[in-house]
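Take a look at the letters that make up each chain.
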Amino acid sequence: AQEKKIFAVQGPYPIIRRLLRARGWVERKLPRTGRQLEQHCGDQNKQQLHTAPSSGGGRQREEEEQCDEDPNSIHDLMSYLARDQSPNFIWTNFLEALDRQLLQEDSVLNHYARVDALTTKEGLCLSLQNLPWIEKADPNAFFPRCYRLGTMDDREAFIEDFRLTAARSLLKLALEEAGDRPARNEQVRNSAKGACESHISHPKHSTARTSSPLYPELVEEAMEICKQHLDVLHHQDIDRSTPFPCRTCIDWDHFLQQYYRVAHEGAGLVLTRQQRKQCQDLLQSLAEKLPQLDMEGKLNVWILKPGAESQGRGIICMTRLEEMLQLAWSCKAPSVQVGRWVVQKYVERLLTIFGTKFDIRQWFVVTDWKPLTVWFYQDCYLRFCSRPFSLHHLERARHLCNVSVQKWYKTSPDQDPRVPPDKIWSNKQFQEYLAQLGQADAWHQVLVPGMKAAILNALRSARDRVRFRKGNFELYGADFVVGQDCQPWLLEVNSCPTMSPSSAVTRRLCANVQRDTLCLVLDRKNNPTCSIGAFELIYKE
């Protein structure tokens, strides 16, 4: 204790415990917390309780038992002697469960207080909305559009966004269909010939469209909406609340019902040659103003998330405005307060691997907020879904990559056999895959710089709302999806990312990041040139 080497670990971290003991530190044993407390932790899941036994998982359990259960070990004797000492280093999975009396002025803790501005969906949404006021950065370049449905301004902005996205999507659908048949020279009204020509194939259906066609007036209306929106964008300043000028003179309910018929019910469109050129020009002009025009696709899929939940709880993909608003206010999901929902644009144009959606879990550490000091971990891993990707089937097994979600699903028979059985890849495996696609440079030239920039912008947007304590640090896990152009899109930032391995890849990487984190926050204090493993300093003010 006189050498200030007393530590405490709270939660399932046998590797942290073993590494500290190997450094000569003595553990002060803390009372075990119940699972009900651990479940509140930002990203911690009890994967090891649900994973099929494997040699690696057995080794981890043996480590934990050896650390915690051997009553005759020298470590237990030393822990007994340190039972009244205040720990100098504390690693916990749940800050609120920690007895604050344990904290001394020089204690090092692996959390900052009040990081919900960064690590909750609602908090990150608000923080990044405010980013343009703090930095010369546009959150729409890396964070899918997001709204808090519990606030009136955000709710109205979402409704407007959904309508405008439907109009853009209808132009994309019209052009897609026009590419399958010759354009007409003039508008067609109630024409039997037009009805026949509208029966074209659609990826949603195995048979041709059978619904009656929707004539050029619908496309005209969508074009008029997009033209007015383009005028707004030309004159818009940093204030995102610039109103859409004609919101009251459009029968939006009728327009959306017609859009649903085209996008989701198989109705056809008739497009004149003049309209085809106008649609192309409009979308090109909009693309110059809207960074998300390409990734947003054409089916207007959005994802509803409880504002402060984790592990994929309560998340659902939806395509109809009225149903989303009804769900958010009916509070059907357990433990979700009315109105505490966020809704985010789903990245429809995703890069998939073997036809399957994946996301990236990327670690980083903040060792100081003033000056902001950020370390990026150069290894990460991919998480796969259990069923092939499809925007016409919105169940969780196809769209939520969380291990805590996917562990409940068996791999479907139509899944490509090349998808790994444990649904995990390392970034090295991903880089090899990109090379096979002819995109060998995408990882280092597009993906990694994009993830670093998104992380730094998220931290800058939230830092004024974090309760800062000198000497603390925090390891975070950021989740990204990847667009078809290899651009990463930030979804969320997790405090307390899980260290319970679900695969051989995560067993190795989780052990490594814990080892390197201790080197970074402990060893480097006395030896600034010591190895910090795969960590890279990417920002220091």
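Keep in mind it's a predicted model, so treat the numbers as computed, not measured.

## Focus on the overall build of the protein
Working step 1: Scanning the protein for helices and strands turns up 19 helices and 15 strands.
Working step 2: In the protein, which comprises 541 residues, the share counted as buried stands at 58%.
Working step 3: The contacts of the protein with a sequence gap of at least 6 include a subset with a gap of at least 24, amounting to 73%.
Working step 4: Element-wise, carbon and sulfur atoms account for 49% of the exposed surface of the protein, whose accessible area totals about 24,000 Å².

## Some words on the confidence of the model for the protein
Working step 1: Across the protein, the average pLDDT comes to 82, with 78% of residues at 70 or higher.
Working step 2: Taken element by element, the predicted model of the protein shows its lowest mean pLDDT in helix α10 (residues 192-197) (32) and its highest in strand β13 (residues 474-482) (98).
Working step 3: Scored below 50 in pLDDT, residues 44-69 makes 55 contacts in the model with residues more than four places away or belonging to other chains.
Working step 4: In this model, residues 182-208 is a region of pLDDT below 50 whose contacts with residues beyond four sequence positions or in other chains number 51 contacts.

## So, the pattern of salt bridges
When their charged atoms lie close together, side chains carrying opposite charge are able to pair.
Working step 1: Counting across every chain of the model gives 27 salt bridges.
Working step 2: A salt bridge links Lys428 to Asp379; the shortest N-O distance between them is 3.0 Å. Here Asp379 lies in the loop between β10 (372-377) and β11 (381-384) and Lys428 lies in helix α17 (residues 427-436), a separation of 49 residues in the sequence.
Working step 3: Take Lys428: its relative accessible area is 45%, and that puts it in the partly exposed class.

## Quick notes on the packing of aromatic side chains
Working step 1: In total, this model carries 23 aromatic pairs according to the counting rule given.
Working step 2: Centroid distance Tyr147 to Trp302: 6.3 Å. Interplanar angle 40°. Geometry classified as tilted. Here the residue Tyr147 occupies a position in strand β5 (residues 146-148), and Trp302 occupies one in strand β6 (residues 302-306), the gap between them amounting to 155 residues. No difference in accessibility class separates Tyr147 from Trp302, as the two residues are buried.
Working step 3: Arranged with centres 5.0 Å apart and planes meeting at 75°, the rings of Phe158 and Trp302 form a pair that is edge-to-face.

## Thoughts on the nonpolar core
Working step 1: Ranked by internal contacts, the top residues of the largest apolar core, which has 86 residues, are Phe89, Ile360, Phe430 and Leu490.
Working step 2: Top element by residues in this core is helix α18 (residues 442-462). It accounts for 11 residues.
Working step 3: Formed jointly, this core draws a minimum of three residues from each of two domains, domain 1 (1-30 + 71-109) and domain 2 (117-144 + 350-540).
Working step 4: Of all hydrophobic cores here, the second largest spans 63 residues; its members include Leu149, Leu286, Val343 and Leu400.

## Remarks on unusual backbone geometry
Working step 1: Cis peptide bonds are those with omega within 30 degrees of zero, and the linkage from Lys370 to Pro371 qualifies with 0°.
Working step 2: Here Pro371 shows up in the loop between β9 (358-369) and β10.
Working step 3: Although it is not a glycine, Cys496 adopts a positive phi angle of roughly 60°.
Working step 4: Assignment of secondary structure puts Cys496 in the loop between β14 (488-495) and α19 (504-526).

## So, the packing of helix α7 (residues 121-129) against α18
Helix-helix packing: each pair is described by the crossing angle between the helix axes and the interaxial distance.
Working step 1: The N-to-C vectors of α7 and α18 enclose an angle of 90°; their axes lie 8 Å apart at closest approach. Classified by the interaxial angle, the pair formed by α7 and α18 is roughly perpendicular. Residues Leu124, Ser127 and Leu128 of α7 touch α18, and the partners they reach there are Asn457, Ala458, Ser461 and Ala462.
Working step 2: Of the residues belonging to the contact of α7 with α18, the class tally is 4 nonpolar, 3 polar and no charged.

## Concerning a negative patch on the surface
Working step 1: A contiguous patch of negative charge on the surface is contributed by Asp251, Asp253, Glu322 and Glu323.
Working step 2: Structurally, the position occupied by Asp253 is in helix α12 (residues 252-264).
Working step 3: Classification of Asp253 as exposed rests on a relative accessible area of 58%.

## Quick look at the pairing of β13
Working step 1: Here β13 lies mainly inside the structure; 9 of its 9 residues are buried.
Working step 2: Of the two faces of β13, the one holding Glu474, Tyr476, Ala478, Phe480 and Val482 and the one holding Leu475, Gly477, Asp479 and Val481 are both buried throughout.
Working step 3: Strand direction decides the pairing type here: β9 and β13, joined by 7 bridges, are antiparallel. Considered in β13, the bridge of Arg361 is made with Asp479.
Working step 4: In sequence, β13 turns back onto β14 through a hairpin of 5 residues, with Cys486 there showing a positive phi of about 75°.

## Concerning the side chain of Arg361
Working step 1: When you line up the elements, Arg361 lands in strand β9.
Working step 2: Among the polar contacts listed, one links the side chain of Arg361 to the side chain of Asp479, at a separation of 2.6 Å.

## Points about the sheet that holds strand β2 (residues 26-27)
Working step 1: Within the open sheet, the 4 strands sit side by side as β2-β1-β3-β4. Their pairing is parallel. Two strands in the sheet have a free side with no partner beyond their single neighbour: β2 and β4 (108-109).
Working step 2: Summarising the sheet, strand β3 (residues 89-92) and β4 pair through 2 bridges and their orientation is parallel. Residue pairing across strands places Phe89 opposite Val108, the latter belonging to β4.
Working step 3: The sheet strands contacting helix α1 (residues 14-22) are β1 (6-10), β2 and β3, and the helix crosses β1 at an angle near 170°.
Working step 4: Relative to the sheet, α19 contacts β3 and β4, its axis offset from that of β3 by approximately 170°.

What counts and what doesn't
Residues numbered from 1 in each chain as written. Predicted model: local features only at pLDDT ≥ 70, side-chain atom pairs only at ≥ 80, totals over all residues. Heavy atoms only, no water. Helix = DSSP H or I, 4+ residues; strand = E, 2+ residues; numbered from the N terminus. Buried < 20%, exposed > 50% of the residue type's maximum accessible area, 1.4 Å probe, protein only. Contact = heavy atoms within 4.5 Å. Areas by Shrake-Rupley, 256 points an atom, 1.4 Å probe, with all protein chains shown as cover. pLDDT = per-residue confidence, 0-100. Salt bridge = Lys/Arg side-chain N within 4 Å of Asp/Glu carboxyl O. Phe/Tyr/Trp six-rings, centres within 6.5 Å; stacked < 30°, edge-to-face > 60°. Core = buried A, V, L, I, M, F, W, Y, C linked by side-chain atoms within 4.5 Å. Domains from an automatic or database assignment. Axes fitted to C-alpha atoms, helices over the stretch in contact; angles between N-to-C directions. Parallel < 35°, antiparallel > 145°, perpendicular 65-115°, else oblique. Nonpolar A, V, L, I, M, F, W, Y, C, P; charged D, E, K, R; others polar. Patch = residues over 30% accessible without salt bridge, like charges linked within 9 Å, V, L, I, M, F, W, Y side chains within 5 Å. Lys, Arg positive; Asp, Glu negative; His and termini not counted. Charge placed at Lys NZ, Arg CZ, Asp CG, Glu CD. Pairing = 2+ DSSP bridges. Polar contact = N/O pair within 3.5 Å; in protein donor to acceptor, adjacent residues only side chain to side chain.

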